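A closer look at the structure
Residues per chain, in single letters:
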Number of protein chains: 2
Amino acid sequence: MGRALATTVAAAGHPTTVWNRTPGRAGDLDTARTSETRSVRDAVRASTLVVVCLLDAASVREVLDPVTDALDGRTLVNVTTTTPEQSRALGTWADAHGAAYLDGGIMAVPPMIGGDGSLVLYSGDPAAYERWRSVLERWGESPYLGDDAGLAALYDLAMLAGMYAMFAGFFHGAAMVATAGISARAFAESAVPFVSAMVPAFLEYAAVIDGGDYGVPGQQSLEFSVLSDMVQASVDAGVAPDVVAAVQGLIRAQIDAGHGKDGFARAYESIARPTTGAAR
Amino acid sequence: MGRALATTVAAAGHPTTVWNRTPGRAGDLDTARTSETRSVRDAVRASTLVVVCLLDAASVREVLDPVTDALDGRTLVNVTTTTPEQSRALGTWADAHGAAYLDGGIMAVPPMIGGDGSLVLYSGDPAAYERWRSVLERWGESPYLGDDAGLAALYDLAMLAGMYAMFAGFFHGAAMVATAGISARAFAESAVPFVSAMVPAFLEYAAVIDGGDYGVPGQQSLEFSVLSDMVQASVDAGVAPDVVAAVQGLIRAQIDAGHGKDGFARAYESIARPTTGAAR
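A brief structural summary.

What counts as what
Numbers given for residues are sequential positions, taken from 1 along each chain in its written order. Lettering for chains starts from A, numbering for ligands starts from 1, and both go in the order in which the items are written. Reporting in this predicted model follows two pLDDT cut-offs: at least 70 for local features of residues, and 80 or more for side-chain atom pairs to be given and counted; totals over whole chains, interfaces and linings ignore these cut-offs and use all residues. Hydrogens and water molecules were not included; the side-chain quantities draw on all heavy atoms of the structure. The secondary structure listing takes helices from DSSP runs of H or I that are at least 4 residues long and strands from runs of E that are at least 2 residues long, numbered from the N terminus. Burial classes: relative accessible area under 20% of the type maximum marks a residue as buried, over 50% as exposed, and values in between as partly exposed (1.4 Å probe, protein chains only). Any two residues whose heavy atoms approach within 4.5 Å at even a single point are treated as in contact. Accessible areas in this description were obtained via Shrake-Rupley with a 1.4 Å probe; residue shielding takes into account the shown protein chains only. Positive charges are assigned to Lys and Arg, negative charges to Asp and Glu, while His and the chain termini are left out of the count. Charge coordinates come from a single atom per side chain, which is NZ of Lys, CZ of Arg, CG of Asp or CD of Glu. At least two bridges found by DSSP between two strands is the condition for calling them paired. Throughout, right-handed denotes a crossover for which the path from the first strand over the helix to the second runs clockwise when the strands point away from the viewer. Note on method: axes are straight lines fitted to C-alpha atoms, helices fitted across the in-contact stretch only, with angles between N-to-C directions ranging 0 to 180 degrees. Here roughly perpendicular refers to angles of 65 to 115 degrees, roughly parallel to angles under 35, roughly antiparallel to angles over 145, and oblique to all remaining angles. Should the near helix be turned counterclockwise from the far one by less than a right angle, the crossing is left-handed, whereas a clockwise turn marks it as right-handed.

Regarding the overall build of chain A
- When its secondary structure is counted, chain A shows 11 helices and six strands.
- Taking the principal axes of its C-alpha atoms as reference, chain A extends roughly 60 × 45 × 30 Å.
- Counting the 280 residues in chain A, one finds 52% classified as buried.
- Residue pairs in contact within chain A that sit at least 24 positions apart in sequence constitute 58% of those at least 6 positions apart.
- When the accessible surface of chain A is totalled, it reaches about 11600 Å², and 50% of it is carbon and sulfur.
- A distance of 6 Å separates the average location of the 19 positive side-chain charges in chain A from that of its 31 negative side-chain charges.

Some points on the pairing of strand E4 (residues 75-78) of chain A
All names here are of chain A.
- Of the two faces of E4, the one lined by Thr75 and Val77 and the one lined by Leu76 and Asn78 are each fully buried.
- Two elements, strand E3 (residues 49-52) and E4, share four bridges in a ladder whose sense is parallel. Bridging from a neighbouring strand, Val50 pairs with Leu76 of E4.
- The parallel pair E3 and E4, bridged by helix H3 (residues 57-64), forms a crossover whose chirality is right-handed.
- Here four bridges tie E4 to strand E5 (residues 100-106), and the two strands are oriented parallel to one another. Note on E5: the bridge partner recorded for Val77 is Leu102.
- One crossover worth recording links E4 to the parallel E5 by way of helix H4 (residues 84-96), and it is right-handed.

Some details on the sheet that holds E5 of chain A
Residue and element names in this part refer to chain A.
- Sheet architecture is open: four strands sit in the order E3-E4-E5-E6, paired in mixed fashion. The open sheet has two edge strands with one neighbour each: E3 and strand E6 (120-124). If you compare each strand with its neighbour and ignore which way they point, the axes differ by 25° on average.
- Against the sheet, helix H5 (residues 126-136) contacts E3, E4, E5 and E6, and its axis sits at roughly 50° relative to E5.

Observations regarding the packing of helix H9 (residues 228-236) of chain A against helix H10 (residues 242-259) of chain A
Residue and element names in this part refer to chain A.
- Running from N to C, H9 and H10 cross one another at 150°; their axes reach a closest spacing of 10 Å. Judged by the inter-axis angle, H9 sits roughly antiparallel to H10. Of the two possible hands of crossing, H9 and H10 adopt the one that is left-handed. Where H9 approaches H10, its residues Ser228, Met230, Val231 and Ser234 are matched on the opposing element by Val244, Ala245, Gln248 and Arg252.

A look at the sheet that holds strand E3 (residues 49-52) of chain B
Residues and elements named next belong to chain B.
- Taken in spatial order, the four strands make up an open sheet running E3-E4-E5-E6, and their pairing is mixed. Of all the strands in the sheet, the pair left with one neighbour each is E3 and strand E6 (120-124). In this sheet, adjacent strand axes meet at a mean angle of 25° when their direction is disregarded.
- Strand contacts of helix H4 (residues 84-96): strand E4 (75-78) and strand E5 (100-106), with the helix running at about 155° to E5, the strand carrying the most contacts.
- Taken strand by strand, helix H5 (residues 126-136) contacts E3, E4, E5 and E6, and its axis lies near 50° from that of E5.

Regarding the environment of Gly124 of chain B
All names here are of chain B.
- Relative to the elements of secondary structure, Gly124 occurs in strand E6.
- Spatially, the C-alpha atom of Gly124 lies 6.1 Å from that of Asp103, the residues being 21 residues apart in sequence.
- Not counting chain neighbours up to four residues away, the residues in contact with Gly124 comprise Tyr101, Leu102, Tyr144, Gly146, Asp147, Asp148 and Ala149.

As structure tokens, this is what we get:
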């Protein structure tokens, strides 16, 4: 990912200094506009804009703690995957060392960087965002979510939750049909158009959730959505029901609380208000 | 759904007799080609093709058991939602009463029936499928999956597993961003294009699953996909982690079994081979 980010800004004409824990990883970068350094301090000092793409929050501190004196007056854009709390802590830490902090959540895989569909979410210092926006936009669409440094990570993880749950659902379905000798590929060829057609329903569910009235007519009821057949068929087929059972649990909690006639979107309440679900 | 099915075939010129547990529900059906009867026996006797769309497998038996003598020589197409085992049992029961049995899995909501994107899966008696195919195709694309009567229900539930898991993931993400005051609608507007762009990855995962080599280069590793940040951020925000924790469980089982460097698609194995996961 670091290579994709450096390559894209260098190709756009921005002189770029790169550093990697493993020297020489810069390899095939465009040497006309990029230079590699073996010192973190030199890398930080080379530019007013410092972009950090590492393994996790701990590795950011591990790499930058020895050079905090060099951070003063610079902008630190951290695109390392972190939790919202870790991003907020890094923002406070950067502020203590005189650096403006922007947290970035990259919603793309490396080959997508700089191309259509690439999205990087930002939160943190608003002035730093405005100052560097034209550079950041080289990587993709670059919305600014707010000055709470944790927002980009929160939003990033929220989007990934949808993605991972969907992939797990696909794996579950593929495992079910495999018990009848159907290949994952044959299943994927049906599931891609079917699931694609269902994605826009997010907007309808969102309207119900924001409206707060789960009794709006025309919805599929929780009782109809209870997934008993799906869990039973999984167990019958010898397939681990964990993922669909977790979804069923969200639905059941609302039915048990007396909301079975309400729409499926009420399952949201089991996630958003887990401790008060039964009382609502 | 029954109304949508009857309306569509009647509109295509097929004389249709309808029966509902609650008399008079036929209401606004096209009376030129549909007639309503108050007797199940009369409804069964009216046509060689008998289509059943009820609440569940038990209700199919409850409605038809008193008239089994009238089933001989007819084709029974059951589009009621059932488990694969229930479909197989209904197939055996229909056979005992001289009826050809086709099981249908409707992958559409009623307004979609007869239009683009409508899909109904069939399994069971191959001769009955060929004989009635031109009528069945009035409702939508009508693939035949095989003579095991349970296949349509299995495939149906497998596709729905992907859909429900995805919706639960969307609810999870919406609940996460709600803790920062972001509306479900705003989240849906980002999540729809993002998740849509990820759906075709099913085909890539399918290739890895069918190939059986989870070490194929270029994949995101299980270790990178472990979802710890997502679960932690959910807990930090007071959001129930159930759905993402279930996905994390699938990943962790493979990492614990020593496969952490393999691609994310190996999470499939935790579902498909739950008892032998650690041994693989």
